[in-house]
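Analysis of the macromolecular model
Okay, here's what each chain looks like letter by letter:
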Amino acid sequence: MNILLELFVVTFRVLWAFVLAAAKWLVRPKEKSVAGQVCLITGAGSGLGRLFALEFARRRALLVLWDINTQSNEETAGMVRHIYREMAEAAAAAPRVAGDGEKDVLPHCSLQVYTYTCDVGKRENVYSTAERVRKEVGEVSVLVNNAGVVSGHHLLECPDELIERTMMVNCHAHFWTTKAFLPKMLEMNHGHIVTVASSLGLFSTAGVEDYCASKFGAVGFHESLSHELKAAEKDGIKTTLVCPYLVDTGMFRGCRIRKEIEPFLPPLKPEYCVKQAMRAILTDQPMICTPRLMYMVTFMKSILPFEAVVCMYRFLGADKCMYPFIAQRKQATNNNEAKNGI
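All values reported here derive from a predicted model rather than from experimental measurement.

Rules used throughout
- Residues numbered from 1 in each chain as written.
- Predicted model: local features only at pLDDT ≥ 70, side-chain atom pairs only at ≥ 80, totals over all residues.
- Heavy atoms only, no water.
- Helix = DSSP H or I, 4+ residues; strand = E, 2+ residues; numbered from the N terminus.
- Rg over C-alpha atoms; globule rule 2.2 N^0.38 Å.
- Buried < 20%, exposed > 50% of the residue type's maximum accessible area, 1.4 Å probe, protein only.
- Areas by Shrake-Rupley, 256 points an atom, 1.4 Å probe, with all protein chains shown as cover.
- Lys, Arg positive; Asp, Glu negative; His and termini not counted.
- Charge placed at Lys NZ, Arg CZ, Asp CG, Glu CD.
- Contact = heavy atoms within 4.5 Å.
- Arc of directions from axis to C-beta.
- Pairing = 2+ DSSP bridges.
- Axes fitted to C-alpha atoms, helices over the stretch in contact; angles between N-to-C directions.
- Disulfide = S-S within 2.5 Å.
- Core = buried A, V, L, I, M, F, W, Y, C linked by side-chain atoms within 4.5 Å.
- Phe/Tyr/Trp six-rings, centres within 6.5 Å; stacked < 30°, edge-to-face > 60°.
- Parallel < 35°, antiparallel > 145°, perpendicular 65-115°, else oblique.
- Left-handed = near helix turned anticlockwise from the far one by under 90°.
- Nonpolar A, V, L, I, M, F, W, Y, C, P; charged D, E, K, R; others polar.
- Patch = residues over 30% accessible without salt bridge, like charges linked within 9 Å, V, L, I, M, F, W, Y side chains within 5 Å.
- Salt bridge = Lys/Arg side-chain N within 4 Å of Asp/Glu carboxyl O.

The next subject is the overall build of the protein chain. Counting its regular elements, the protein chain contains 10 helices and 7 strands. On C-alpha atoms alone, the protein chain measures out to a radius of gyration of 22 Å, which is about the 20 Å that the 2.2 N^0.38 rule sets for 342 residues. Projecting the C-alpha coordinates of the protein chain onto the three principal axes gives extents of approximately 70 × 60 × 40 Å. Relative to its full complement of 342 residues, the protein chain shows a buried share of 43%. When the accessible area of the protein chain is evaluated, it comes to approximately 18,900 Å², of which 60% is carbon and sulfur surface. Here the protein chain contributes 39 positively and 35 negatively charged side chains, and the mean placements of these two sets differ by 4 Å.

So this is what it looks like as structure tokens:
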């Protein structure tokens, strides 16, 4: 009898979850404040990582930027400092209002950005850099695992070293950064872990086996971690999974779907992608797929026979969409080798 009662309660909670989800579509939830909180972003030197840094800076977070490229990371830091200066000047010019809530959390002059050159594909480098961050900055409240690479080779033409590199940066690094900063989050029951994955972590295509495998791994890691936090009843630690469609950052330059379909499903603008992701993060949304069509594609992949999925891929031109990108990468590699006299 008890199990029947429990089944009734579970059914009610499932239906109530649908109601709450629908309500969030109609009424936009209030965004939480990250002012004064330490936010660490991997792969902050360019692309989405740089844009995430700028968005968090506008919300007055203390930024910790990791990237393997020191110069590009410092360029991002310069942009962040410019935003901090603009906010400080605007605050100085505006009359101070007593009890202004968020604006009293942290003086603008206290906002800082810290840069670290770190190869997240190397475990010991991650742990040693994380220790430096704890000593020099403090405990991390928001962790954005964003760093990513792609080899751009067909499986049988891809060197083993590049396959390993893709897996290390795109997947294994998430384990290491999380192990470095999660213990304090658990102790405080406060924090937010963001996994920047890809739609190719939900469904795949030909020619990028290593990339798809790494993103599927990142998605699996994120989902399991989310369940573990729920099982431990650590409701103060939030997680957000970001799965965008092809983003126009140059990472997959040359990738093309069927030309008749492309106007309806063009590559995403990076700024739009990050703004959508920030809205999800700041409203504690567990997952965000951009555009929303990706939810439907994922659902259909789960229920349709494999041959039906193949037919859809061929119709959309998604079955070989990566081939032009791979050809361009191969041509660029050949040109570099010729230039260097190899």
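Okay, back to it.
Moving on, we get to the side chain of Thr76. Take Thr76: it is sitting in helix H3 (residues 70-93). Exposure remark for Thr76: the relative accessible area of 0% places this residue in the buried category. In this view, Thr76 contacts Ala44, Gly45, Ser46, Arg50, Ala53 and Leu65; residues no more than four positions away in its chain are not counted.

All buried positions along helix H9 (residues 306-316) are accounted for by Val309, Val310 and Tyr313. Buried residues of H9 fall within an arc of 100° about the axis and therefore sit on the same side. Turned more than 90 degrees away from the buried face of H9, the exposed residues are Glu307, Cys311 and Arg314. Against helix H8 (293-303) lie the buried residues of H9. Phi for Gly317, located one or two positions after H9, is positive at around 80°.

Strand pairing in a sheet relies on backbone hydrogen bonds, with the paired strands running either antiparallel or parallel. As summarised here, the arrangement of the 7 strands in space is S3-S2-S1-S4-S5-S6-S7, forming an open sheet in which the pairing is parallel. The open sheet has two edge strands with one neighbour each: strand S3 (113-117) and strand S7 (287-290). Strand-to-strand twist in this sheet, taken as the mean axis angle between neighbours without regard to direction, amounts to 15°. Pairing of strand S1 (residues 38-42) with strand S2 (residues 62-67) involves 5 bridges; the strand directions are parallel.

In total, this model carries 0 disulfides according to the counting rule given. No disulfide involves Cys273; its sulfur sits 10 Å from the nearest other cysteine sulfur, which is in Cys243.

Before going further, it helps to spend a moment on the pairing of strand S5 (residues 191-196). When you tally the buried positions in S5, you get 6 out of 6 residues, the bulk of the element. Burial of the side chains of S5 extends over both faces: Gly191, Ile193 and Thr195 are buried on one face and His192, Val194 and Val196 on the other. Sheet topology places strand S4 (residues 142-145) next to S5; 4 bridges connect them, and they run parallel. Along S5, the bridge assignment pairs Val144 with Val194. Examined bridge by bridge, S5 and strand S6 (residues 237-244) share 6 bridges and lie parallel to one another.

The subject of this paragraph is the nonpolar core. By size, the foremost hydrophobic cluster in this structure holds 91 residues, and its most contacted members are Phe52, Phe56, Leu63 and Trp66. Discounting chain neighbours no more than four positions away, the residues touching Leu63 are Cys39, Ile41, Ala53, Phe56, Ala57, Tyr84, Gln112, Val113 and Tyr114.

Evaluated as defined, the whole model comprises 4 aromatic pairs. Between Tyr211 and Phe252 the ring centres are 5.0 Å apart and the planes differ by 80°, which places this aromatic pair in the edge-to-face class. On the criterion of sequence distance, the pair formed by Tyr211 in helix H6 (residues 209-231) and Phe252 in the loop between S6 and helix H7 (270-282) is long-range, its members being 41 residues apart. Look at Tyr211 and you get buried, because its relative accessible area is 5%.

Turning our attention to the packing of helix H4 (residues 123-136) against helix H5 (residues 160-188). Close contact between H4 and H5 brings their axes to 9 Å; oriented N to C, the two are set at 30°. When the axis of H4 is compared with that of H5, the two are roughly parallel. In terms of crossing hand, the pair formed by H4 and H5 is right-handed. Here Arg123, Val126, Tyr127, Ala130, Val133 and Arg134 of H4 lie close against H5, whose contacting residues are Trp176, Thr177, Lys179, Ala180 and Phe181. Class assignment for the residues of the contact of H4 with H5 results in 7 nonpolar, 1 polar and 3 charged.

The next point concerns a nonpolar patch on the surface. A contiguous nonpolar patch, built from Phe12, Trp16, Val19 and Leu20 and spanning about 410 Å² of accessible area, is present on the exposed surface. Summarising the element assignment, Trp16 is placed in helix H1 (residues 2-26).

Turning next to the side chain of Thr178. Within the secondary structure layout, Thr178 lies in helix H5. With a relative accessible area of 4%, Thr178 lands in the buried category. For Thr178, the residues in contact, after removing those within four places along its chain, are Leu143, Asn145, Pro183, Ile193, Phe221 and Leu225.

All right, on to the packing of H5 against H6 then. H6 packs onto H5 with a crossing angle of 15° between their chain directions and a minimal axis gap of 8 Å. The orientation of H5 relative to H6 falls into the category roughly parallel. For H5 against H6, the interelement crossing comes out right-handed. Residue-level contacts link Leu162, Ile163, Thr166, Met167, Asn170, Cys171, His174, Phe175, Thr178, Leu182 and Leu186 of H5 to Asp210, Tyr211, Ala213, Ser214, Lys215, Gly217, Ala218, Phe221, Leu225 and Leu229 of H6. In the contact of H5 with H6, the residues fall into 13 nonpolar, 6 polar and 2 charged.

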